[in-house]
Protein chains: 2
Amino acid sequence: MEKLIRRIIERNNPTVVGLDPTLDYIPAQVKAEAFAEYGKTLRGAAHAYLTYNKAIIDAICDVVPAVKPQCAYYELLGWEGMKCLAETISYAQEKGMYVITDGKRNDIGSTMQAYAAAHLGEIEIEGERCVPFGGDALTVNGYLGTDGIKPLLEVIGDNPDKGIFVLVKTSNPSSGELQDRKLGENETVYAAMGDMCERWGAGKIGRYGYSKVGAVVGATYPAQLSELRARLPHTFFLVPGYGAQGGGAKDVAGAFDQNGLGGIVNSSRAVLTAWKKTGGDGRDFAQAARAEAIRMRDDITSAIPPIHSPAGI
Amino acid sequence: MEKLIRRIIERNNPTVVGLDPTLDYIPAQVKAEAFAEYGKTLRGAAHAYLTYNKAIIDAICDVVPAVKPQCAYYELLGWEGMKCLAETISYAQEKGMYVITDGKRNDIGSTMQAYAAAHLGEIEIEGERCVPFGGDALTVNGYLGTDGIKPLLEVIGDNPDKGIFVLVKTSNPSSGELQDRKLGENETVYAAMGDMCERWGAGKIGRYGYSKVGAVVGATYPAQLSELRARLPHTFFLVPGYGAQGGGAKDVAGAFDQNGLGGIVNSSRAVLTAWKKTGGDGRDFAQAARAEAIRMRDDITSAIPPIHSPAGI
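In every chain, residue numbers begin from 1 and rise along the written sequence. All chains are assigned letters beginning at A, and all ligands numbers beginning at 1, according to the order in which they are written. Note on the predicted model: pLDDT of at least 70 is required for a residue's local features to be given, and 80 or more for side-chain atom pairs to be given and counted; whole-chain, interface and lining totals, by contrast, use all residues. Side-chain numbers here rest on the full set of heavy atoms in the structure, without hydrogens or water.

Colleague: Any chance you could explain unusual backbone geometry here in plain terms?
Modeller: Residue and element names in this part refer to chain A. Positioned with a positive phi, Asn-12 is a non-glycine residue whose angle comes to about 50°. Within the secondary structure layout, Asn-12 lies in the loop between helix H1 (2-11) and strand S1 (15-19). Burial classes follow relative accessibility: with a 1.4 Å probe on protein chains only, a residue under 20% of its type's maximum area counts as buried, one over 50% as exposed, and anything between as partly exposed. When its relative accessible area of 38% is taken as the criterion, Asn-12 is described as partly exposed. Notably, Lys-104 is not glycine yet its phi reads approximately 45°, a positive angle. Every helix listed is a DSSP run of H or I at least four residues long, and every strand listed is a run of E at least two residues long, numbered separately from the N terminus. Inspection of the secondary structure puts Lys-104 in strand S3 (residues 98-105). Overall, the relative accessible area of 8% leaves Lys-104 in the buried class.

Colleague: Is there a simple way to think about the side chain of Asp102(B) in this case?
Modeller: Within the secondary structure, Asp102(B) sits in strand S3 (residues 98-105). Judged by relative accessible area, which is 3%, Asp102(B) ranks as buried. It only takes one pair of heavy atoms within 4.5 Å for two residues to be counted as in contact. If we skip the residues at most four places from it in the chain, Asp102(B) touches Tyr115(A), Lys68(B), Pro69(B), Gln70(B), Cys71(B) and Thr139(B).

Colleague: I keep staring at the sheet that holds strand S10 (residues 263-267) of chain A and nothing clicks. Help me out?
Modeller: Strand pairing within a sheet occurs via backbone hydrogen bonds; the two strands may be parallel or antiparallel. Residue and element names in this part refer to chain A. Here eight strands make up a closed barrel; going around it, the order is S1-S2-S3-S6-S7-S8-S9-S10 and the pairing parallel. Averaged over all neighbouring strand pairs, the angle between strand axes comes to 30°, with direction disregarded. Two strands qualify as a pair provided DSSP detects at least 2 bridges between them. Note: S1 against strand S2 (residues 66-69), four bridges, orientation parallel. Bridged to Val-17 within S2 is Val-67. Strand contacts of helix H9 (residues 189-201): strand S7 (163-169) and strand S8 (213-217), with the helix running at about 160° to S7, the strand carrying the most contacts. A fitted line through C-alpha atoms represents every axis, and for helices the fit uses only the stretch in contact; the resulting angles, taken between N-to-C directions, go from 0 to 180 degrees.

Colleague: Sorry, what's going on with the relation of the copies chain A and chain B here?
Modeller: These two copies of the chain differ by a rotation about an axis and a displacement along the same axis. When the copies are overlaid, the least-squares fit takes in C-alpha atoms only where the residue has pLDDT of at least 70 in both copies. The transform that puts chain A on chain B rotates by 180° and translates by 0.0 Å along the axis, for an RMSD of 0.0 Å. On the angle and the small slide along the axis, the relation comes out as a two-fold axis. The rotation axis passes nearest to the C-alpha of Leu183(A) in chain A, at a distance of 2.3 Å. A symmetric contact is evident, with 100% of the interface residues of chain A recurring at the interface of chain B.

Colleague: In this structure, what is going on with the pairing of S3(B)? I would like to understand it.
Modeller: The side chains of a regular strand alternate between both faces of the sheet. Residues and elements named next belong to chain B. Most of S3 sits out of view: eight of its eight residues are buried. Side chains Tyr-98, Ile-100, Asp-102 and Lys-104 project from S3 onto one buried face, and the interleaved Val-99, Thr-101, Gly-103 and Arg-105 project onto a second face that is buried too. Direction of pairing for strand S2 (residues 66-69) relative to S3: parallel, over a ladder of two bridges. Counterpart to Ala-66 in the pairing with S3 is Tyr-98. Two strands pair when backbone bridges link them, and S3 and strand S6 (residues 137-140) are joined in this way by three bridges, in the parallel orientation.

Colleague: What is the right way to look at the packing of aromatic side chains in this model?
Modeller: For any pair of aromatic rings, the description rests on two quantities: the centre-to-centre distance and the angle between the ring planes. Residue and element names in this part refer to chain A. In this scheme Phe, Tyr and Trp rings, the latter by its six-membered ring, pair at centre separations within 6.5 Å, and the angle between planes marks the pair as stacked below 30 degrees, edge-to-face above 60, and tilted otherwise. One pass over the structure, following the stated rule, counts seven aromatic pairs over all chains. The interplanar angle of 90° and the centroid separation of 6.2 Å between the aromatic rings of Tyr-49 and Tyr-74 together place this pair among those described as edge-to-face. In this pair, Tyr-49 is assigned in helix H3 (residues 42-60) and Tyr-74 in helix H4 (residues 71-75), connecting sequence segments 25 residues apart. For the pair formed by Tyr-49 and Tyr-74, the shared burial category is buried. Each ring, one from Tyr-210 and one from Phe-236, has its centre 5.3 Å from the other, and the planes form 90°; the classification is edge-to-face. Here Phe-236 lies in the loop between helix H10 (222-231) and strand S9 (237-239) and Tyr-210 lies in the loop between H9 and S8, a separation of 26 residues in the sequence. Pair check on accessibility: Tyr-210 and Phe-236 agree, each one buried. Positioned above the aromatic ring of Phe-237 is the side chain of Arg-229, whose terminal nitrogen or guanidinium carbon lies 4.1 Å from the ring centre. Over a ring means this: the NZ of a Lys or the CZ of an Arg is within 6 Å of the ring centre and within 35 degrees of the ring normal.

Colleague: I would appreciate a short explanation of the interface of chain A and chain B in the present structure.
Modeller: Taken together, the contact pairs 69 residues of chain A with 69 residues of chain B. The term buried area refers to how much accessible surface (probe radius 1.4 Å) is lost by two components on association, counted for both of them together. Regarding the contact of chain A and chain B, the summed buried area is about 5700 Å², with carbon and sulfur atoms giving 62% of it. Here, a salt bridge means any Lys or Arg side-chain nitrogen found within 4 Å of an Asp or Glu carboxyl oxygen. Put simply, chain A and chain B have six salt bridges between them. For the salt bridge of Glu187(B) with Arg181(A), the shortest nitrogen-to-oxygen distance reads 2.7 Å. What qualifies as a polar contact is a pair of N or O atoms within 3.5 Å, subject to a donor-acceptor requirement within protein and to the restriction that residues adjacent in sequence count only when both atoms come from side chains. Applying the counting criterion to the chain A and chain B interface returns 39 residue pairs in polar contact (both at pLDDT 80 or more). Here the side of chain A that touches chain B gets seven residues from one element, more than from any other, and that element is helix H6 (residues 109-120) of chain A. The residue classification treats Ala, Val, Leu, Ile, Met, Phe, Trp, Tyr, Cys and Pro as nonpolar and Asp, Glu, Lys and Arg as charged. All others, Gly included, are polar. Broken down by class, the residue content of the side of chain A that touches chain B amounts to 35 nonpolar, 18 polar and 16 charged.

Colleague: I keep staring at the pairing of strand S1 (residues 15-19) of chain B and nothing clicks. Help me out?
Modeller: Counting buried residues in S1(B) gives five out of five residues, a clear majority hidden from the surface. The two faces of S1(B) match: Thr15(B), Val17(B) and Leu19(B) on one face and Val16(B) and Gly18(B) on the other face are all buried.

And the structure:
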């Protein structure tokens with residue numbers, strides 16, 4: 001998590017761009033070239049995704065600290081899509097970006113260890129070390145309890161830069177069906193999940209005051225965001241739901257501490273489809289994405305305390 | 001779900017073999033051949049997995065109705081592993097087996113729709129229909145509520161054979177940290193999740209009395225298994241935790257109804273590593289897996305009512 005926070009301070013930008021490609025988001029000429037070379041196939045689509053992602057990364061990497069590829073959109077193209085995911089992650093890291101793989105993975109014991117090694121670590125094959133996907137952080141679902149989280153922390157080990165984000169209070173309309181249910185007079189399911197994040201992160205607090213165990217808390221529930229910020233002082237928040245889902249800069253402000261840290265706000269659709277609003281033919285898609293990323297940065301930084309390292313760092 | 005239940009009745013066997021390969025499970029000669037041809041690489045390991053999986057499938061396909069490949073072990077080999085997953089699924093289906101992809105996927109809206117299409121459906125690429133992974137059923141995590149389940153049901157549509165299994169009460173020791181928490185006097189988090197399964201499945205009840213929405217309930221909690229069987233009459237159960245995790249035939253009996261239906265019990269490690277107990281050099285791994293699969297079938301069928309179609313079918 002340290003590297004993420006360092007990048008946020010360096011770029012003065014607490015946002016992350018979700019790399020969630022769909023064929024509908026990709027301009028016609030990018031698709032046409034890929035289909036001409038590889039056919040109207042999973043492979044062709046995966047090549048279009050990669051060209052598109054690389055151009056977006058090139059256009060935003062000096063402005064935005066991190067990208068968040070959403071696994072689902074890559075899985076939708078089968079193994080060709082997963083190859084594109086690995087190549088996208090590697091390219092973003094080469095360009096200095098922190099990569100949060102949005103997989104919401106969950107399982108237990110050796111199975112969870114496999115997910116952890118797949119996305120945040122490596123596998124040793126008869127003495128040879130191989131890196132499957134190589135992300136910096138992974139989103140996970142904590143419904144299975146500690147057995148599903150401990151293997152991740154074991155794989156991360158002492159590496160200060162890796163981290164996880166556990167779903168706590170998600171941004172969708174129906175998130176309350178389970179997450180808002182009351183466990184007692186003053187406790188909800190989401191607060192209990194948040195408390196588990198603090199416990200899982202205990203003893204792993206980094207130099208900026210946050211642990212390796214972050215939480216996903218939606219921008220669409222600003223009151224809960226502020227409540228959880230106060231309740232979970234060592235838990236860094238990944239905040240989806242800004243923009244297309246309805247959350248504004250004021251709604252996400254509660255995620256941040258007095259140093260302007262504590263959260264990173266995601267936007268996917270608004271950045272990826274910014275070109276559709278310029279009146280052009282799509283050839284300006286990367287520049288349009290950059291402009292929207294800058295607009296988002298300015299919008300959010302205007303609503304939170306100035307971003308700076310805590311005293312003494 | 002219909003095809004799964006039909007296969008269970010045909011084979012008189014309510015079990016599923018988890019295809020969870022690790023390099024440690026695969027006999028030396030299978031690995032040696034793959035590494036000789038493809039190197040000690042992710043690709044080499046993926047080829048070893050595929051050879052191993054195919055031999056296991058060949059050995060059990062006339063005895064066992066279904067296989068359950070665990071995504072984590074394939075992701076651990078990167079995109080080469082995901083290619084192996086797709087080929088394993090396709091091979092098992094060719095051999096007449098029902099395939100439950102164990103991915104515990106979860107997300108919302110169009111993202112969940114992408115997971116659903118990736119694992120249970122297809123994607124249309126400029127008029128061409130492509131099948132990414134092509135499983136028959138998918139395990140999912142319901143923490144996000146209806147927004148995470150509805151997209152799956154839309155992709156499944158009227159297809160009677162496809163289905164999902166939602167995590168309700170998992171088999172691991174720490175599952176109670178959240179799942180056993182009390183929501184009221186007589187309700188737990190897992191019971192609330194179970195009730196949601198019944199609601200999601202309502203209106204989609206098939207000819208055997210079960211809906212397309214199943215539940216994962218662990219063999220290691222027999223009391224809760226019986227409690228949930230009574231509470232969720234239309235929800236088919238996928239039951240992990242038999243064998244290596246400690247559950248026995250008597251422990252899983254509570255999953256079944258008076259027709260010997262209502263559940264399918266998973267075993268992975270005991271079947272996959274049966275060859276390690278024969279005293280051989282591993283060349284008998286497929287026959288050993290078959291023998292263990294038969295032993296498991298006989299063990300479980302001896303503890304439940306005789307399997308048969310409900311009256312009138």
